[in-house]
Amino acid sequence: MPAIAERNLRSVDLNLLVLFDALMAERNVTRAAARNGLSQPAVSKALNRLRYLFDDPLFVLHDRAMEPTARARQLAGPIRGALADISRTLTLPEEFDPATIQATVKIATNDLYHSSLLPSLIRHLRRHAPGVDLQVRAIDRSRLQEQLAAGEIDVAFAPLGTKGSEISAEPLWNDRLVTLVGENNPLREAMTIEAFAAAGHLVDAGHVQVSPDGVGTSVVDAILAARGLRRRIVVVLPSSAGVPFVVAATDLIATLPSRIVKGLAPVPNVRILTPPLPEVEVSPHMFWHRRSNADPLRAWLRAAIKQICAGI
């Protein structure tokens, strides 16, 4: 069979792609038929056309579910993203006015930016685009590129590290690392890097690390490793909210971006020190798929985020 690249694009029925997207979501012919207002025979016939179009079975029956093939999984993101683009193009007015638009935007982030950025963004949306609803999701760094490509999320906030030819990134603000220590910890402002790594040389001392995915390593560990040092990470937390409470109640220390620390609840007996680390890039970045560069709503949203971050 000829490959799809050799076929004339005009011969591709957009409804077939809509059906493919429904089958990926439902994994069931009956539910996909109901979702598209079609009969089961019509869906079966369309599925055969899809199989011919892509020269692949696409879905195989397994335990009463239509399991996608590797080729189907490969196609899912681009097709979902293309359908989302078409939908936005057909629904957005020619003259974009955020005050009149009705839409939903999806942001992926972690709690590091909940107190510093999200309240201001929500206030901005309520004031300038009251018809725009916001969905905030926990970020999944392992799937970030896939989610952006598929249109599952519009914008993501995360430390720099995600790369991809179709992914754009822009820093939100500049930041530096600070270290939180408890009242009885011997660490002081002029600490050595060896004392920092040992968390003050206390018995059973160590570090608290914030990691939504549970991986207790960061840029701090890379800096220490380059100097032949290693810190003991005693506790890994999924969010930063509990960090000052843990530090205040123990001999552990924690190192976080300064703007994150500013947004945490004030806790007595916690001191903030400058760690003996070189200047490193800890600025959060905004990520988006380049496909949305010219999308009026997404472009307006990114500009609003940059404006808000400039004042934080």
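The rules we used
Residues numbered from 1 in each chain as written. Predicted model: local features only at pLDDT ≥ 70, side-chain atom pairs only at ≥ 80, totals over all residues. Heavy atoms only, no water. Helix = DSSP H or I, 4+ residues; strand = E, 2+ residues; numbered from the N terminus. Buried < 20%, exposed > 50% of the residue type's maximum accessible area, 1.4 Å probe, protein only. Phe/Tyr/Trp six-rings, centres within 6.5 Å; stacked < 30°, edge-to-face > 60°. Pairing = 2+ DSSP bridges. Axes fitted to C-alpha atoms, helices over the stretch in contact; angles between N-to-C directions. Contact = heavy atoms within 4.5 Å. pLDDT = per-residue confidence, 0-100. Arc of directions from axis to C-beta. Parallel < 35°, antiparallel > 145°, perpendicular 65-115°, else oblique. Nonpolar A, V, L, I, M, F, W, Y, C, P; charged D, E, K, R; others polar. Salt bridge = Lys/Arg side-chain N within 4 Å of Asp/Glu carboxyl O. Expected span 1.5 Å × (residues − 1).

Novice: Would you explain unusual backbone geometry in this entry?
Specialist: What is expected of a backbone is that most residues other than glycine have negative phi and most peptide bonds are trans. The phi torsion at Arg27 lies on the positive side, around 55 degrees, for a residue other than glycine. Residue placement: Arg27 occurs in the loop between α1 (14-26) and α2 (29-36). Arg27 sits in the partly exposed class, given a relative accessible area of 25%. For Leu58, which is not glycine, the phi torsion reads 70 degrees and is therefore positive. Note that Leu58 resides in the loop between α3 (40-54) and β1 (59-62).

Novice: Help me understand the packing of aromatic side chains, please; the structure alone is not making it clear to me.
Specialist: Both the distance between ring centres and the angle between the ring planes are used here to describe each pair of aromatic rings. Enumeration over the complete set of coordinates arrives at 2 aromatic pairs. Each ring, one from Phe20 and one from Phe59, has its centre 5.7 Å from the other, and the planes form 55 degrees; the classification is tilted. Taken as a pair, Phe20 in helix α1 and Phe59 in strand β1 lie far apart in primary sequence, 39 residues in all. Both residues of the pair, Phe20 and Phe59, count as buried. Taken together, Phe20, Phe54 and Phe59 form an aromatic cluster joined through their ring pairs.

Novice: Explanation requested: the sheet that holds strand β3 (residues 103-109) in the structure shown.
Specialist: Taken together, 5 strands build an open sheet; the order of strands is β4-β3-β5-β12-β6 and the sheet is mixed. Looking along the sheet, the strands with just one partner apiece sit at the ends: β4 (132-138) and β6 (167-171). Strand after strand, the sheet turns through a mean of 25 degrees between neighbouring axes, direction not considered. Sheet contacts for helix α5 (residues 118-128): β3 and β4; angle to β4, the most-contacted strand, approximately 160 degrees. Here helix α11 (residues 296-310) sits on the sheet and contacts β3, β4, β5 (155-159), β6 and β12 (284-289); the angle it forms with β3, its principal contact strand, is near 50 degrees.

Novice: I'm lost on the confidence of the model for the chain in this one. Help?
Specialist: Detailed reading of the predicted model is not advised wherever pLDDT is low. Across the chain, the average pLDDT comes to 84, with 89% of residues at or above 70. Overall, residues 1-7 carries pLDDT values under 50, and its contacts beyond four positions in sequence, including any with other chains, amount to 10 contacts.

Novice: What is the right way to look at the sheet that holds strand β10 (residues 253-257) in this model?
Specialist: Hydrogen bonding along the main chain pairs the strands of a sheet, whether they run parallel or antiparallel. With respect to topology, 5 strands assemble into an open sheet ordered β9-β8-β10-β7-β11, the strand pairing being mixed. Of all strands in the sheet, those with a lone pairing partner are β9 (233-237) and β11 (270-273), marking the two edges. Across the sheet, the mean angle from the axis of one strand to that of its neighbour is 30 degrees, orientation sign disregarded. Where strand β7 (residues 177-182) lies against β10, 4 bridges are found, and the strand directions are antiparallel. From the neighbouring strand, Leu180 faces β10, where its bridge partner is Ala254.

Novice: Help me out: how do you make sense of helix α8 (residues 219-226) in this one?
Specialist: Three or more residues of α8 are buried, namely Val220, Asp221, Ile223 and Leu224. Down the axis of α8, the buried side of the element spans an arc of 160 degrees, and every buried residue falls inside it. In this structure, α8 carries Ala225 and Ala226 as exposed residues pointing more than 90 degrees from its buried face. Along its buried surface, α8 packs onto β7, α7 (193-197), β9 and β10.

Novice: Help me understand the packing of α1 against α3 in this model?
Specialist: Packed helices, taken two at a time, are described by the angle their axes make and the gap between the axes. At a closest axis distance of 10 Å, the pairing of α1 and α3 adopts a crossing angle of 105 degrees. When the axes of α1 and α3 are compared, the pair comes out roughly perpendicular. In this structure, α1 contributes Leu16, Leu17, Leu19, Phe20 and Leu23 to the contact, and α3 contributes Val43, Ala46, Leu47, Arg49, Leu50 and Phe54. Residues that form the contact of α1 with α3 fall into these classes: 10 nonpolar, no polar and 1 charged.

Novice: Whenever I open this one, the pattern of salt bridges confuses me. Can you help?
Specialist: Any two side chains of opposite charge can pair if their charged atoms end up close together. Under the counting rule described, the total for this entry stands at 10 salt bridges. Put simply, Arg35 and Glu26 hold a salt bridge, and the shortest N to O gap is 3.2 Å. We classify Arg35 as partly exposed; its relative accessible area is 46%. Asp154 is the salt-bridge partner of Arg298, the closest N and O atoms lying 3.1 Å from each other. Within this pair, whereas Arg298 is found in helix α11, its partner Asp154 is found in the loop between α6 (144-150) and β5, the two being separated by 144 residues in sequence.

Novice: Sorry if this is basic, but what is going on with α1 here?
Specialist: An α-helix turns once every 3.6 residues. As a result, residues three or four positions apart point the same way. Given a rise of 1.5 Å per residue, 13 residues ought to cover 18 Å, and the 19 Å separating the end C-alpha atoms of α1 matches this to within 8%. Once α1 finishes, Arg27 follows within two positions and takes phi at roughly 55 degrees, a positive value.

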